[in-house]
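# Breakdown of the fold
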Amino acid sequence: MSRVYNFSAGPAVLPEEVLKSAAEDMMDYKGCGMSVMEMSHRSKMFDDIIKTAEADIRELYNIPDNYKVLFLQGGASQQFTAVPMNLCKNGVADYIITGQWAKKAYQEASRYIKANAIASSEDKTFSYIPDCSDLPVSDDADYVYICENNTIYGTKYKTLPNTKGKILVSDVSSCFLSEPIDVTKYGVVYGGVQKNVGPAGLVISIIREDLITDEVMDKTPTMLKWKTQADADSLYNTPNCWSIYICGLVFKWLKANGGLEKMKALNEEKAAVLYDFLDSSNLFKGTVAKEDRSLMNVPFITGDKDKDALFVAEAKKAGLENLKGHRSVGGMRASIYNAMPKAGVEKLVEFMADFEKKNS
Ligand SMILES: *Cc1c(COP(=O)(O)O)cnc(C)c1O
């Protein structure tokens, strides 16, 4: 068996301990004679899995009792629709556009409500986070929406926007559980798990209880209504049992490794290895404003498309996979999520230094 260092943006690297544990349980989960993929979502066994997973994420994120944790299907993209439908009171919301995912969420909301783009960093290809201290928040906005870590462009909010009392909704897909957050600052915080937490096909939404009501937009599909899912403890229909199970193992792994304070320190250490190199390199350079740099997704370029392509190909031969930038921006991107060991980032930097010597 040989494993590569996988810098994919998502689906992405998972902790080896988690993969091994899942492999061990594959034929016979805890003596029940079947795998988690084969068991009823209504069984006692699975009830333990989902309840334990919820308790563990509550502990990791310090989620207050007046917030629900929902395990939903449809990915983060389906929440782009669910958010405006469930939060629609005045039918107005404000969006801050810091990348493609925020833009997609905004465009989707625009199909149902009056969505205002109150700030954007598109003027400089989303290479920074706009000043959000005094935005023209609409008086009648039902919520203010952000994408907190921009997976494609590699920026992250270091301070949350001043929403002037409006509910904050945040997509944290690519920084999910990468550091502690203050859940009470959000009305809704959600993430597709396939970036930093688990296998694709599950989105976890953490929602303040008073925002889960029957007063949703007319004709909101039953499945998209948060109340349907909350009343059924995420078991209205068959959930993504497998992903919930693996996420549960990842939560245990995070707890065993010191929780989110520790994870944040480790992530800062790892990202510094790469950013320090980029800042000193004569060939490679980072593409975003330093103060807005993400700890999770690190885009960089040489400035020469052929060299970029050569780099990606040679890196792959050296066991450093998935370094190609998003198809919309080109260049390179290293996603260095929780499960990427520091040794992987060090190996990448060594390889970059060596490539620089040979190619400049
Ligand atoms: C990947 C990603 C999405 C889309 O996730 P899906 O689960 O594929 O719908 C949304 N937002 C962000 C920030 C992402 O990184």
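Definitions and limits used
- Residues numbered from 1 in each chain as written.
- Predicted model: local features only at pLDDT ≥ 70, side-chain atom pairs only at ≥ 80, totals over all residues.
- Heavy atoms only, no water.
- 1 Å grid on protein atoms, 1.4 Å probe; cavity = no way out; pocket = protein on both sides within 12 Å on 5 of 7 lines; lining within 4 Å.
- Points joined across faces, edges and corners; volume = space filled by probe spheres on them.
- Helix = DSSP H or I, 4+ residues; strand = E, 2+ residues; numbered from the N terminus.
- Nonpolar A, V, L, I, M, F, W, Y, C, P; charged D, E, K, R; others polar.
- Domains from an automatic or database assignment.
- Contact = heavy atoms within 4.5 Å.
- Buried area = accessible area lost by both parts, 1.4 Å probe.
- Salt bridge = Lys/Arg side-chain N within 4 Å of Asp/Glu carboxyl O.
- Polar contact = N/O pair within 3.5 Å; in protein donor to acceptor, adjacent residues only side chain to side chain.
- Near = heavy atom within 4 Å.
- Areas by Shrake-Rupley, 256 points an atom, 1.4 Å probe, with all protein chains shown as cover.
- Axes fitted to C-alpha atoms, helices over the stretch in contact; angles between N-to-C directions.
- Parallel < 35°, antiparallel > 145°, perpendicular 65-115°, else oblique.
- Left-handed = near helix turned anticlockwise from the far one by under 90°.
- Buried < 20%, exposed > 50% of the residue type's maximum accessible area, 1.4 Å probe, protein only.
- Pairing = 2+ DSSP bridges.
- Arc of directions from axis to C-beta.

## Describing the layout of surface pockets
Vacant regions in the atomic arrangement are exposed by a probe of water-molecule size rolled over the atoms. The computed volume of the largest pocket comes to approximately 350 Å³. Lining the largest pocket are 20 residues, with Lys156, Tyr157, Lys158, Glu179 and Lys264 positioned closest to its centre. Looking at which element gives the most residues to the lining of the largest pocket, the answer is helix H7 (residues 259–280), with 5 residues. When grouped by side-chain class, the residues that make up the lining of the largest pocket number 9 nonpolar, 1 polar and 10 charged. Residues from two domains meet in the lining of the largest pocket; each of domain 1 (5–10 + 257–359) and domain 2 (17–256) gives at least three.

## A closer look at the domain arrangement of the chain
Where interface size is quoted, it is often the accessible area lost as the parts come together. For the chain, the domain assignment lists domain 1 (5–10 + 257–359) and domain 2 (17–256). Summarising the inter-unit geometry, the C-alpha centres of domain 1 and domain 2 are found 26 Å apart. Every contact between the two is made by 28 residues of domain 1 and, on the other side, 28 residues of domain 2. Roughly 2300 Å² of surface becomes buried between domain 1 and domain 2 when both sides are summed, with 55% attributable to carbon and sulfur atoms. Broken down residue by residue, the surface that domain 1 buries against domain 2 is led by Asn257, Leu260 and Asp292, which jointly contribute 29%. Summed over the shared surface of domain 1 and domain 2, the number is 0 salt bridges. On inspection of domain 1 and its partner domain 2, the count reaches 18 residue pairs in polar contact (both at pLDDT 80 or more). Those elements giving two or more residues to the side of domain 1 that touches domain 2 turn out to be H7 and strand S12 (297–301).

## Some thoughts on the site of the ligand
Taken together, the neighbourhood of the ligand is formed by Gly75, Ala76, Ser77, Phe80, Trp101, Cys147, Asn149, Thr151, Asp171, Ser173, Gln194 and Lys195. Between the ligand and Thr151, the relevant distance is 2.4 Å, taken from an oxygen atom to a side-chain nitrogen or oxygen of the residue. Side-chain polar atom of Gln194 to an oxygen atom of the ligand: 2.9 Å apart, as the coordinates give it. Compared with its free state, where it exposes 390 Å², the ligand has 87% of that area covered by protein. Considered class by class, the residues forming the shell around the ligand number 4 nonpolar, 6 polar and 2 charged.

## Digging into the pattern of salt bridges
In total, this model carries 24 salt bridges according to the counting rule given. Here Lys316 makes a salt bridge to Glu321, at a shortest N to O gap of 3.0 Å. Sharing partners across several salt bridges, the network here consists of Asp56, Glu59, Lys252 and Lys255.

## Comments concerning the packing of helix H6 (residues 241–256) against H7
Running from N to C, H6 and H7 point in directions that differ by 80 degrees, and their axes come no closer than 7 Å. Here H6 is positioned roughly perpendicular relative to H7, judged by the angle of their axes. On the side of H6, the interface is formed by Trp253, Leu254 and Lys255, while H7 contributes Gly259, Leu260 and Met263.

## Overview of the packing of helix H2 (residues 44–61) against H6
Where H2 meets H6, the closest approach of the two axes is 9 Å, and the angle between their N-to-C directions is 40 degrees. Here H2 is positioned oblique relative to H6, judged by the angle of their axes. As for how H2 packs across H6, the hand of that crossing is left-handed. Along its contact with H2, which presents Phe46, Ile49, Ile50, Thr52, Ala53, Asp56, Ile57, Glu59 and Leu60, the element H6 presents Cys241, Ile244, Tyr245, Gly248, Phe251, Lys252, Leu254 and Lys255. In the contact of H2 with H6, the residues fall into 11 nonpolar, 2 polar and 4 charged.

## Focus on the pairing of strand S5 (residues 144–147)
In S5, alternate side chains face the same way, and those of Val144 and Ile146 on one face and Tyr145 and Cys147 on the other are all buried. Where strand S3 (residues 92–97) meets S5, 2 bridges bridge the pair, whose relative direction is parallel. Its bridge partner being in S5, Tyr95 is matched across the sheet by Tyr145. Where S5 and strand S8 (residues 168–171) come together, 4 bridges link them in parallel fashion. Bridge pairing in S8 links Val144 to Leu168.

## Thoughts on helix H1 (residues 16–25)
Restricting attention to buried positions, one finds in H1 the residues Val18, Ala22 and Asp25. Around the axis of H1, the buried residues are gathered within 65 degrees of arc, so they sit on the same side. Opposite the buried face of H1, by more than 90 degrees, sit the exposed residues Lys20, Ala23 and Glu24. Elements that come into contact with the buried residues of H1 comprise H6.

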